[in-house]
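Examination of the molecular architecture
Each chain is listed here by its residues.
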Amino acid sequence: MKPLSPRYRLQFSEPEGYLDFARFGPPSHAVLDTTARLLEKATQAGPSTVDELMREETRAKAVAARLCRSDIDHIVLQPHTSLGLMQAAFNAPGGTALVSAAEFPANTYPWARAEQAGRLTVRALPEGHVTADRVAAALSEDVTVVSVSAVDFRTGYRADLAALRDVVGDRLLVVDGIQGFGVVEEPWEIADILVVGGQKWLRAGWGTGFAMLSDRALERMDPVLSGWTGARDPGLFDNTIHPPDRTAAAWSISNLSPVTSGAFAAALELVEDTGVGAIAATIAERVDALEEVLLSCGARIVSERGRRAGILAFALPDCPAEQTGTALSAAGIAATVRPDHIRLSPHASTSPDVAERLRAALRSLAAPGRADSRPAPAATGAATHDVLASLIPAVHGLAAMLGPGNEVLLHDFSRLPDSIAAIAGDLTHRTVGGPMTDLLLGLIRRGTTQDLINYRTNNPDGRPIRSSTLFLRDADGVAIGCLCVNSELSEAISEDVRRRDESFPPDVDSLQRFLVDRAIAKVGVQPSEMKKQQKAAVVRELDEAGFFLIRDSVDHVAGRLDVTRYTIYNYLNEIRG
């Protein structure tokens with residue numbers, strides 16, 4: 001399993017205390033940028049604009065198919081989970097549908113309404129986890145459909161889909177995957193109907209989702225909830241009603257917004273590039289850390305603790321859930337407050353530091369008006385690796401051993417670009433939390449992480465220094481940080497020592513200004529006089545330098561070049577081709 005990429009964390013900027021992804025997942029910058037780009041394209045509509053925009057649907061279907069190990073003919077985009085479940089219920093082959101009584105309403109109303117319409121009958125499973133044994137005990141000859149949630153919205157219980165598939169047999173298995181798809185590894189392809197909404201864990205925004213249909217579902221379903229775009233030859237207007245398509249497209253009612261389709265594709269591609277395993281493992285770490293805090297504060301865990309996903313629910317003895325929720329809100333923690341418990345749901349982008357924020361909020365309930373007297377541990381980054389954390393004390397020891405005129409610092413790549421996790425010495429006048437150099441940023445952008453030993457550069461005062469950069473790697477060989485040593489030169493240095501230009505900015509703003517100034521200087525024309533090609537050349541130079549790994553970098557360069565941020569994205573799309 002590959003580790004979580006630092007670039008993944010840079011895609012998100014929700015507040016540290018946001019722990020409500022089971023309700024809504026703040027979208028990524030990729031989703032926001034794609035939405036803006038497609039909307040801008042729509043404002044400049046030409047002869048081919050609509051056709052070009054509609055291709056976003058195919059893009060989204062393709063990546064959804066890859067993530068659930070299916071193919072595009074078995075995928076149909078949906079605006080939300082509710083519509084997909086409604087179609088599953090009304091298009092079902094009749095008979096009896098077995099549904100848990102404790103499901104989220106989006107998964108009970110459709111079956112109830114289909115029964116009302118005479119399409120089928122409904123049998124409720126008794127309350128409790130939907131296990132293979134419970135389902136097997138409730139099955140009878142008349143049951144044709146079993147509908148379950150992959151992850152229970154209250155308890156976080158992760159259903160054993162493989163075991164359910166075995167006991168359901170040849171019946172249709174309908175799976176609501178909204179609380180698990182993209183954040184837990186499951187054999188999604190064994191479902192006959194998988195319905196997923198994109199506004200929660202997938203972080204694609206509202207109005208996004210899809211359904212996957214198996215061959216068995218396509219054969220047995222009667223797509224009565226199907227529109228003109230779900231028919232064969234939808235572009236043939238011959239005043240007749242065409243039969244439904246033979247693929248999952250039969251469930252299409254009308255064209256969805258290509259803007260939301262593109263946003264959904266961007267969200268799914270981010271999951272695919274990062275890896276579900278890496279996301280799932282990081283969420284599990286966050287849940288474990290939060291659970292440890294809750295137990296240390298006397299909370300009772302009321303959610304699943306074995307087969308669980310990203311949901312952690314708790315209650316405090318002698319403290320109403322509403323009062324607990326008020327304290328959490330005052331501490332900047334977003335959670336779902338139920339009548340009898342609080343539901344926390346962190347994501348892979350959640351900072352580990354939120355655990356201490358939770359601890360302080362809960363202690364304020366135990367002792368109102370008294371602040372927590374324990375000092376909070378020093379923050380060492382959103383996801384500082386154990387290897388890096390263990391080296392922080394060594395930075396000061398190494399600098400002391402080297403003596404005056406030397407500087408030792410540790411960079412944590414999970415905190416790009418503010419990557420300085422520890423520093424000892426004042427040769428380059430930088431501090432903890434400061435950014436990396438332009439040289440290092442460019443190396444990371446290009447994926448060039450070979451050690452740089454004994455090269456010459458100059459400190460901010462112009463004095464020559466000798467530098468070495470050693471990249472630190474995890475067990476999989478992925479660079480997670482680097483240890484840098486800078487030494488003041490007081491003697492002549494051999495001409496054989498390689499010279500490298502390097503800037504040591506004190507903060508991110510200075511780094512941004514330096515990179516943009518350098519790119520403009522290379523083009524040789526002031527922005528006010530630049531043509532499109534010259535502005536694009538500036539953007540190309542900045543892209544190669546790693547400039548766009550810096551948050552809000554697009555807005556910064558757009559202001560310098562006097563163009564819109566969407567123009568910058570257009571340049572980047574052309575450059576990256």
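Every value quoted in this text rests on a predicted model; they were computed, and no experiment measured them.

On to the UniProt feature "domain: Transcriptional regulator DauR-like HTH" (unreviewed entry) in the protein, then. The UniProt record annotates "domain: Transcriptional regulator DauR-like HTH" (unreviewed entry) at residues 515-573. Helix makes up 68% of residues 515-573 and strand 0%, with an end-to-end C-alpha separation of 20 Å.

What follows covers the sheet that holds strand β4 (residues 143-149). Strand pairing in a sheet relies on backbone hydrogen bonds. The paired strands run either parallel or antiparallel. Spatially, the 7 strands line up as an open sheet ordered β1-β7-β6-β5-β4-β2-β3, and their pairing is mixed. In the strand order of this sheet, the two ends are held by β1 (75-77) and β3 (121-125), each with one partner. Across the sheet, the axes of successive neighbouring strands diverge by a mean angle of 20°, strand direction being ignored. Alignment of strand β2 (residues 96-100) against β4, held across 4 bridges, turns out to be parallel. The partner of V99 across the bridge, within β4, is S147. Contacting β1 and β7 (209-213), helix α3 (residues 49-67) crosses the sheet at an angle of about 130° to β1.

This part covers the packing of aromatic side chains. Under the definition given, this model contains 11 aromatic pairs. Between the aromatic rings of F547 and F548, the centroid separation amounts to 5.2 Å while the plane-to-plane angle is 85°, which identifies the pairing as edge-to-face. F548 matches F547 in its accessibility class, with the two residues each being buried. Grouped by ring-pair contacts, the aromatic residues F181, W188, F210 and F264 constitute a single cluster. Above the face of the F12 ring, R203 is positioned so that its terminal group lies 3.7 Å from the ring centre.

With 84 residues, the main nonpolar core has F181, L194, F210, F314 and L328 as its most contacted residues. Per-element tally for this core: the top contributor is helix α10 (residues 276-296), with 8 residues. Residue-level mapping places this core at the junction of two domains, with at least three residues from each of domain 1 (6-22 + 283-365) and domain 2 (29-274). Setting aside residues up to four positions removed in sequence, F181 forms contacts with L67, C68, W188, L194, V196, W201, L202, F210 and L268.

Glancing now at the packing of helix α2 (residues 29-43) against helix α9 (residues 258-274). Interhelical geometry of α2 versus α9 gives an angle of 150° and a closest axis separation of 8 Å. The angle between α2 and α9 falls in the class roughly antiparallel. Along this stretch, α2 crosses α9, giving a crossing that reads as right-handed. On α9, the residues touching A30, V31, T34, T35, L38 and L39 of α2 are P258, V259, G262, A263, A266 and A267. Across the contact of α2 with α9, the residue classes break down as 9 nonpolar, 3 polar and no charged.

A word on the pattern of salt bridges. For the coordinates displayed, the defined rule picks out 25 salt bridges. The closest approach of N and O atoms between R357 and E16, which form a salt bridge, is 2.9 Å. Taken as a pair, R357 in helix α12 (residues 354-366) and E16 in the loop between α1 (6-9) and α2 lie far apart in primary sequence, 341 residues in all.

This part takes up unusual backbone geometry. Despite not being glycine, R203 shows a phi value in the positive range, around 60°. Within the secondary structure, R203 sits in the loop between β6 (193-197) and β7. Of the residues examined, R203 reaches a relative accessible area of 1% and is grouped as buried. The backbone of N454 sits at a positive phi, close to 60°, despite the residue not being glycine. Assignment of secondary structure puts N454 in strand β14 (residues 452-458).

A word on the domain arrangement of the protein. On domain assignment, one finds that the protein holds domain 1 (6-22 + 283-365), domain 2 (29-274), domain 3 (381-506) and domain 4 (509-576). Here the C-alpha centroids of domain 2 and domain 4 sit 41 Å apart. Opposite the 5 residues of domain 2 that make contact, domain 4 presents 8 residues. Where domain 2 meets domain 4, there are 0 salt bridges. Counting across the interface, domain 2 meets domain 4 through 0 residue pairs in polar contact (both at pLDDT 80 or more). For the side of domain 2 that touches domain 4, the class distribution of residues is 1 nonpolar, 1 polar and 3 charged.

All right, on to the pairing of strand β5 (residues 172-176) then. Within β5, 5 of the 5 residues are buried, which leaves the element mostly enclosed by the surrounding structure. Residue alternation in β5 divides its side chains into two sets, L172, V174 and D176 and L173 and V175, and both sets are buried. Relative to β5, β4 is paired through 5 bridges, and the arrangement is parallel. Across the sheet, the residue bridging to S147 is V174, located in β5. Running through helix α7 (residues 161-168), the crossover from β4 to the neighbouring parallel element β5 is right-handed. When β5 meets β6, the two strands line up parallel, connected through 3 bridges.

Reading guide: rules and limits
Residues numbered from 1 in each chain as written. Predicted model: local features only at pLDDT ≥ 70, side-chain atom pairs only at ≥ 80, totals over all residues. Heavy atoms only, no water. UniProt positions renumbered as here; feature names shortened; annotations may be inferred. Helix = DSSP H or I, 4+ residues; strand = E, 2+ residues; numbered from the N terminus. Pairing = 2+ DSSP bridges. Axes fitted to C-alpha atoms, helices over the stretch in contact; angles between N-to-C directions. Contact = heavy atoms within 4.5 Å. Phe/Tyr/Trp six-rings, centres within 6.5 Å; stacked < 30°, edge-to-face > 60°. Buried < 20%, exposed > 50% of the residue type's maximum accessible area, 1.4 Å probe, protein only. Lys NZ or Arg CZ within 6 Å of the ring centre and 35° of its normal. Core = buried A, V, L, I, M, F, W, Y, C linked by side-chain atoms within 4.5 Å. Domains from an automatic or database assignment. Parallel < 35°, antiparallel > 145°, perpendicular 65-115°, else oblique. Left-handed = near helix turned anticlockwise from the far one by under 90°. Nonpolar A, V, L, I, M, F, W, Y, C, P; charged D, E, K, R; others polar. Salt bridge = Lys/Arg side-chain N within 4 Å of Asp/Glu carboxyl O. Polar contact = N/O pair within 3.5 Å; in protein donor to acceptor, adjacent residues only side chain to side chain. Right-handed = clockwise from strand over helix to strand, strands pointing away.

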